[in-house]
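Listed below, chain by chain, are the residues.
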Amino acid sequence: MLARVAPWLLPLVTAWGMFCTLRAAAFARIRSLHVVESYGFAVYEQLIHNKAFAGHFFQTVHRGYIDHWMWSGHRSVFLYVAAWIYGFAPVPLTLSTIQVALVSLGCLPAFGLGRAAIGGVLGGGAGLLLYAAFPPLWAIALNDYQEIVLGVPFALAAGWALRERSRTGFFVAALLCACTREEWAMTLPLLGLAAPGGWRPRAWGVLTGLGAAGVFAAVAWYLGRDAVGYETPMNTQAAAVFGHLPPIQRTWADWDRFYVYFLKPINGVAALAPLTLLPGLGAFFVHLTTPNGSGIDADWRGHIHHMAPVATFLIAGAIDGLGVLAALVFPMRSLPRWRAALELHNRAPLAVKALLVIGLAGAFWIHDPSWLRMLRLTPTLSPALHEPADAAPEWAVVATLPREAVVATDQDGALLVSGFTRSFTYGESLPEKSRLGLAELDYLLVNKRDSTVFTEATAMGGTVVTETQRYRLVKLPKAARLDSAEAVPAG
């Protein structure tokens, strides 16, 4: 029993280190307001905050969208789970913690996939290295909070279940994957094609994937039957594809500084497992054909969350690709090479697998340090969080405001106020979602460069309570009703 359980300590410890490292980086980004997009992160937090504490999804901090769990047209059943977890710790870090925790837990199916595809504990170690040491995955995990990223470990678990020939495991993992966001549902039938063996197991895989996608679609339809106003972006993209192929929006410069790094240092071996890689190609096509400024870009510090399926299936493909290579070089004696490769059966010596793990470790040891510096990651096994030197002083300012306050700020500072039930961005959501304008507010956190807004606020009787290098906190006459209210805890 101990011999069976002990190897799993390796992915568990790796997952813990990955979690602590990524969470510390996410905390530093939030506290310094160096997130991917304060405005976008803020709308997620306010929606989830209001579900957790007001009982339903609504937001005022971002212009547009509908007050519903399908607020942006996306279908993420996981929003209900996120709202429940957020209720225990209502700060932006909670959402990032959920994201990096799930990505870190992907170490377990990656290890299992390696054991199944390559063989043994060393094969599991190779799979674990391909996952946990893959820098694009770190960048994706740090993409603030995006539901599509949450599907990464479940997609890998589904692939692992296929390798273990567990239809129930595949169905459960696939359904959980789809529930994170609807884009994953499209990949599930294609993922079924990666089942090892002949056409029968692949047919069962496709049918099981279709079943999981169908159950998700039924749940999403039921929960969203009263929603009007937004079509899922996936439908829009599919209509464009079937109507006429959209033009490629990327350049060779994007390839050189972005896409090619998804193949380094060894992930290009995924080409040996094209059926495992296949589900990621749709997401790759969407990424290539969506213009910058549409919530998708090819910038490592930008909106790269839509590359999550691409990264996931590249990792799974690389693991399977090494399994194919091992079976071609060291096929089982009773099988021809082509069948051994098809079914991922090899008899590679332990020494060869050990050399593979050592080679992978060396490749990542050389490849990864520059990424650690770029993403400001400091590997650690400690869950302790330390305030960064460049923390935004505005967090302390908003922490003094009453819970019931209605606050507005600019887009750059939106995350500072998204933990309030009603908060706005002046010049963006305030004109659209309030007929009163600044008269709607109790407090205004105004950027010093927005002199016109500041002048309007003081002309209404607003007074400066405090200021930082970048912002002034203005108390407006309406705030008199809150003088005895309790303060909001620091985010």
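Definitions and limits used
Residues numbered from 1 in each chain as written. Predicted model: local features only at pLDDT ≥ 70, side-chain atom pairs only at ≥ 80, totals over all residues. Heavy atoms only, no water. Helix = DSSP H or I, 4+ residues; strand = E, 2+ residues; numbered from the N terminus. Rg over C-alpha atoms; globule rule 2.2 N^0.38 Å. Buried < 20%, exposed > 50% of the residue type's maximum accessible area, 1.4 Å probe, protein only. Contact = heavy atoms within 4.5 Å. Salt bridge = Lys/Arg side-chain N within 4 Å of Asp/Glu carboxyl O. Core = buried A, V, L, I, M, F, W, Y, C linked by side-chain atoms within 4.5 Å. Axes fitted to C-alpha atoms, helices over the stretch in contact; angles between N-to-C directions. Parallel < 35°, antiparallel > 145°, perpendicular 65-115°, else oblique. Nonpolar A, V, L, I, M, F, W, Y, C, P; charged D, E, K, R; others polar. pLDDT = per-residue confidence, 0-100. Expected span 1.5 Å × (residues − 1). Pairing = 2+ DSSP bridges. Polar contact = N/O pair within 3.5 Å; in protein donor to acceptor, adjacent residues only side chain to side chain. Phe/Tyr/Trp six-rings, centres within 6.5 Å; stacked < 30°, edge-to-face > 60°. Lys NZ or Arg CZ within 6 Å of the ring centre and 35° of its normal. Left-handed = near helix turned anticlockwise from the far one by under 90°. Bend = angle between axes of the 7 residues up to and from the residue.

1. Quick notes on the overall build of the chain
For step 1, the next point in the chain: When helices and strands are tallied, the chain shows 24 helices and 5 strands.
For step 2, the next point in the chain: Computed over the C-alpha atoms, the radius of gyration of the chain is 24 Å, within 12% of the 23 Å expected from 2.2 N^0.38 for a compact globule of 491 residues.
For step 3, the next point in the chain: Expressed as lengths along the three principal axes of its C-alpha atoms, the size of the chain is roughly 85 × 50 × 45 Å.
For step 4, the next point in the chain: When the 491 residues of the chain are sorted by exposure, 54% land in the buried category.
For step 5, the next point in the chain: The long-range share in the chain, meaning contacts at least 24 apart out of those at least 6 apart in sequence, stands at 73%.

2. Quick look at the pattern of salt bridges
For step 1, the next point in the chain: In total, this model carries 12 salt bridges according to the counting rule given.
For step 2, the next point in the chain: The partner of arginine 63 in a salt bridge is glutamate 428, with the nearest N and O atoms 3.9 Å apart. Here arginine 63, found in the loop between α3 (38–54) and α4 (78–86), pairs with glutamate 428, found in the loop between β2 (423–425) and α23 (429–433); they are 365 residues apart in sequence, far enough to count as distant.
For step 3, the next point in the chain: The exposure class of arginine 63 is partly exposed, given its relative accessible area of 44%.

3. With respect to the environment of threonine 94
For step 1, the next point in the chain: Considering the arrangement of structural elements, one finds threonine 94 in helix α5 (residues 92–105).
For step 2, the next point in the chain: Contact partners of threonine 94, with chain neighbours within four places excluded, come to Ile85, Tyr86 and Ala89.

4. Looking at the nonpolar core
For step 1, the next point in the chain: With 134 residues, the main nonpolar core has Met18, Tyr131, Tyr145 and Phe262 as its most contacted residues.
For step 2, the next point in the chain: The element best represented in this core is helix α17 (residues 308–329), accounting for 12 residues.
For step 3, the next point in the chain: Beyond its immediate stretch of four places on either side in the chain, phenylalanine 262 contacts Phe134, Pro136, Ile140, Asn267, Trp300, Met307, Ala311 and Leu314.
For step 4, the next point in the chain: By size, the runner-up hydrophobic cluster in this structure holds 14 residues, among which are Val406, Tyr426, Val446 and Phe454.

5. A word on the packing of helix α6 (residues 107–132) against helix α9 (residues 152–163)
For step 1, the next point in the chain: With their axes 12 Å apart at the nearest point, α6 and α9 run at an angle of 175° to one another. Classified by the angle between their axes, α6 and α9 sit roughly antiparallel to one another. Taking contact as the criterion, the partners of Leu108, Pro109, Ala110, Gly112, Leu113, Ala116, Ala117 and Tyr131 in α6 are, on α9, Val152, Pro153, Leu156, Ala157, Gly159, Trp160 and Arg163.
For step 2, the next point in the chain: Looking at the contact of α6 with α9 residue by residue, the class counts come to 12 nonpolar, 2 polar and 1 charged.

6. Considerations on the confidence of the model for the chain
In low-pLDDT regions, the fine details of the predicted coordinates are not to be read closely.
For step 1, the next point in the chain: For the chain, mean pLDDT is 90; residues scoring 70 or higher make up 94% of the total.
For step 2, the next point in the chain: Between residues 487–491, whose pLDDT stays under 50, and residues either more than four places distant or in other chains, the model counts 19 contacts.

7. Regarding α17
For step 1, the next point in the chain: Counted at 1.5 Å a residue, the expected span for α17 with its 22 residues is 32 Å, and the 32 Å between its end C-alpha atoms agrees.
For step 2, the next point in the chain: Counting buried positions along α17 gives 19 out of 22 residues, so the element sits mostly inside the fold.

8. A word on the environment of histidine 345
For step 1, the next point in the chain: Within the element layout of this structure, histidine 345 appears in the loop between α18 (337–343) and α19 (350–367).
For step 2, the next point in the chain: When its relative accessible area of 29% is taken as the criterion, histidine 345 is described as partly exposed.
For step 3, the next point in the chain: Sequence-wise, histidine 345 and leucine 328 are 17 residues apart; in three dimensions their C-alpha atoms are separated by 9.1 Å.
For step 4, the next point in the chain: Among residues more than four places away in sequence, those in contact with histidine 345 are Ala327, Phe330, Pro331, Met332, Leu335 and Ala340.

9. Points about the sheet that holds strand β5 (residues 471–475)
For step 1, the next point in the chain: Spatial strand order, β2-β1-β3-β5-β4: 5 strands in an open sheet with mixed pairing. The open sheet terminates on both sides in strands that have one partner only, identified here as β2 and β4 (463–467). The sheet shows a mean angle of 20° between the axes of neighbouring strands, taken without regard to direction.
For step 2, the next point in the chain: On top of the sheet, helix α24 (residues 451–459) reaches β3 (443–447), β4 and β5; it is set at about 150° to β3, its chief contact.

10. Section: the side chain of threonine 94
For step 1, the next point in the chain: What makes threonine 94 buried here is its relative accessible area of 9%.
For step 2, the next point in the chain: Within the local environment of threonine 94, its side chain forms a polar contact with the backbone oxygen of alanine 89, the two atoms lying 2.4 Å apart.

11. Some details on the pairing of β5
One face of the sheet, then the other: side chains in a regular strand alternate in exactly this way.
For step 1, the next point in the chain: Pairing between β3 and β5: 5 bridges, direction antiparallel. Bridging across to β5, asparagine 447 finds its partner in tyrosine 471.
For step 2, the next point in the chain: Across 4 bridges, the pairing between β4 and β5 is antiparallel. Within the sheet, the bridge partner assigned to threonine 463 lies in β5 and is lysine 475.
For step 3, the next point in the chain: Hairpin connection from β4 to β5: 3 residues lie between these consecutive antiparallel strands.

12. Considerations on the packing of aromatic side chains
For step 1, the next point in the chain: Applying the stated criterion across every chain, the model contains 20 aromatic pairs.
For step 2, the next point in the chain: Ring centres of phenylalanine 258 and phenylalanine 262 lie 5.5 Å apart, and the angle between their planes is 65°; this geometry places the pair in the edge-to-face category. Take phenylalanine 258 and phenylalanine 262: they sit in the same class, and that class is buried.
For step 3, the next point in the chain: Three or more aromatic residues joined by ring pairs make a cluster, and in this case those are Phe134, Phe258, Tyr259, Tyr261, Phe262, Phe284, Trp300 and Trp371.
For step 4, the next point in the chain: Cation over ring: arginine 167 sits above tryptophan 204, and NZ or CZ is 4.1 Å from the ring centre.
For step 5, the next point in the chain: A cation sits over an aromatic face here: arginine 472 above phenylalanine 454, 4.5 Å from the ring centre.

13. Remarks on the packing of α4 against α5
For step 1, the next point in the chain: The N-to-C vectors of α4 and α5 enclose an angle of 120°; their axes lie 10 Å apart at closest approach. With respect to α5, the element α4 is oriented oblique. Helix-helix and strand crossings are classified by hand; for α4 and α5 the assignment is right-handed. Residues Phe78, Ala82, Ile85 and Tyr86 of α4 pack against Thr94, Leu95, Ile98 and Leu102 of α5.
For step 2, the next point in the chain: Grouping the amino acids of the contact of α4 with α5 by side-chain chemistry returns 7 nonpolar, 1 polar and no charged.

14. A closer look at α6
For step 1, the next point in the chain: Helix length check: α6 (26 residues) gives 6 Å between terminal C-alpha atoms against 38 Å at 1.5 Å per residue, more than 12% under.
For step 2, the next point in the chain: Helix geometry: α6 is bent most strongly at isoleucine 118, by close to 140°.
For step 3, the next point in the chain: The buried count for α6 comes to 19 of 26 residues, which makes it a mostly enclosed element.

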